[in-house]
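So you can see what is in the structure, the chains are spelled out below.
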Amino acid sequence: MHARVPLAPLALSLSLVLAGCSDETIASYLLGGPPSATESEASMDPDGAYEPDAEDEPVAPSRLAQVAAPARPAPPPAKPEPTPAPPAEPKPAPPRPRPQAPQVAAAPAPSAAAPARAAVDVLALDLRGQTAIDAVYVARGVGKSVYPIVNKTLQRRDRKDRTDPPTVYAGEKLTLVEAIPFNREGQPLEYNYVTVRRADGSEGNLQIRYLSATPLNFDLSKPGDAKALVRGVYLEGVRAGVELHRTLSAHAYDIPRDPPEVYAKAYGRRQVYEEGLNFAKHLAASLSRGAHTSSREILRNPLLRWAALAEDPRVLSYYEGGVDDPQLKERCQLADSLLSNLSNLSSHGFKLARVASRREARSWLRGTEGLPAKAVETLTQKELAKLDAEEQQVRERMGQTLSRAGELYAEVFGAPR
């Protein structure tokens, strides 16, 4: 089965940035460009004091961690190279008319009985983290850096090669070596497996659905401080959850099949952010509550060995038995709830799409041939009223979910400055 990578622009995508590409990111060939780091995220010490991020750090210091992760040396300045202007993309044919699920209404204001809580609009956050790679720009990334969003064992480049393929870890800096499309003539450009190289020179193939054009909020090949790692994993989950909702809500949670370019682009982005959110939720749960796996099993499993090789011994301790700091554990519980609320957005969105589909299908009209028009119209009005009530209920739940996610984000990470 081949993953499909999206092509056509989304309603909520950012503008394309083509100039100034460095070896740290291939976002210059992405539609939407790299996520901005303008959000000023804070770290929280035990007394509740806030400290701003360092501007040159790819991963924000840990509010959950209470101790900032050590700064990494800045890469040497890359010699600027002229970047050719991208060829103009053909405009897809207008899609057939299709019903659109109503936009989600803003969450209702809290009642007078409930105390107001400081909250943020999670959909307005400008978060750093994973960025899906659009197929039309993949070839321009050859020789640039990419970052896996999950732990994976690479596939061999050559079937004749019998050596064990290397394992890559989420957030690890890789180099995109080769990307060969497999689309047929007249079909949208598509990629499935691409070749990547690790820092030690070992190479292998990985599906592009598991790769990001921009650095993650953590790097399991160099986990660093344990508490900073926990915070970075939760931030990455928020990034993936928000981008997943933005991608799907741009199409009312019902991606059209026509034109095929629109479907390929949106569906490919959905795959990337779903994978990122699910992995972040699983990893965060293992670190905060413990994976209940012995050190011996961790060492024997190539996908888990990163925990045993971490310089901070607390990383392995967390992964084995969970966080032992009461304050950090409490914040992890809030962060778990935050990721769960972001996951629930998709559930609500797909329900809205199903309501819109039922409204379009009007299945209640089957078998009503020959009945008086007035009776049929009365039936139709009743069925539409039921759908309207169901839709309103789902919209209210989605608004409440977004509101709660904003409250939890403010409690865990603080409001952006």
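The following paragraphs examine the structure supplied in this document. All values derive from a computational prediction rather than experimental measurement. (Residues numbered from 1 in each chain as written. Predicted model: local features only at pLDDT ≥ 70, side-chain atom pairs only at ≥ 80, totals over all residues. Heavy atoms only, no water.)

So, about the sheet that holds strand β8 (residues 203–207). One open sheet holds the five strands; their spatial order is β8-β7-β6-β3-β9, and the pairing between them is antiparallel. Each edge of the open sheet is held by one strand with a lone partner, namely β8 and β9 (211–212). By the bridge criterion, two bridges tie strand β3 (residues 145–148) to β9 in an arrangement that is antiparallel. Considered in β9, the bridge of Y147 is made with S212. (Pairing = 2+ DSSP bridges. Helix = DSSP H or I, 4+ residues; strand = E, 2+ residues; numbered from the N terminus.)

Looking now at the environment of D324. Considering the arrangement of structural elements, one finds D324 in the loop between α5 (313–321) and α6 (326–361). For the pair D324 and R289, spaced 35 residues apart in the sequence, the C-alpha separation amounts to 9.1 Å.

Here we come to the nonpolar core. Note on soluble globular proteins: their nonpolar side chains tend to be buried together. Ranked by size, the top nonpolar core spans 81 residues in total, and within it W306 and Y409 carry the most contacts. Of the residues forming this core, the biggest block, 11 residues, is contributed by helix α1 (residues 226–249). (Core = buried A, V, L, I, M, F, W, Y, C linked by side-chain atoms within 4.5 Å. Buried < 20%, exposed > 50% of the residue type's maximum accessible area, 1.4 Å probe, protein only.)

This next bit is on α1. Here α1 contains 24 residues, and its C-alpha end-to-end distance of 35 Å stays within 8% of the 34 Å for a straight helix at 1.5 Å per residue. The buried fraction of α1 is high, at 23 of 24 residues. Sitting at the amino-terminal end of α1 is D225, which places a side-chain oxygen 3.1 Å from the backbone nitrogen of K227. (Expected span 1.5 Å × (residues − 1). Polar contact = N/O pair within 3.5 Å; in protein donor to acceptor, adjacent residues only side chain to side chain.)

Glancing now at the pairing of strand β7 (residues 193–197). Two strands pair when backbone bridges link them, and strand β6 (residues 174–179) and β7 are joined in this way by four bridges, in the antiparallel orientation. Among the inter-strand pairings, E178 is bridged to a residue of β7, identified as T195. Where β7 and β8 come together, five bridges link them in antiparallel fashion. What sits directly across from R197, in β8, is E203. Between β7 and β8, which pair antiparallel one after the other, the connecting turn spans five residues, and G201 there sits at a positive phi close to 95 degrees.

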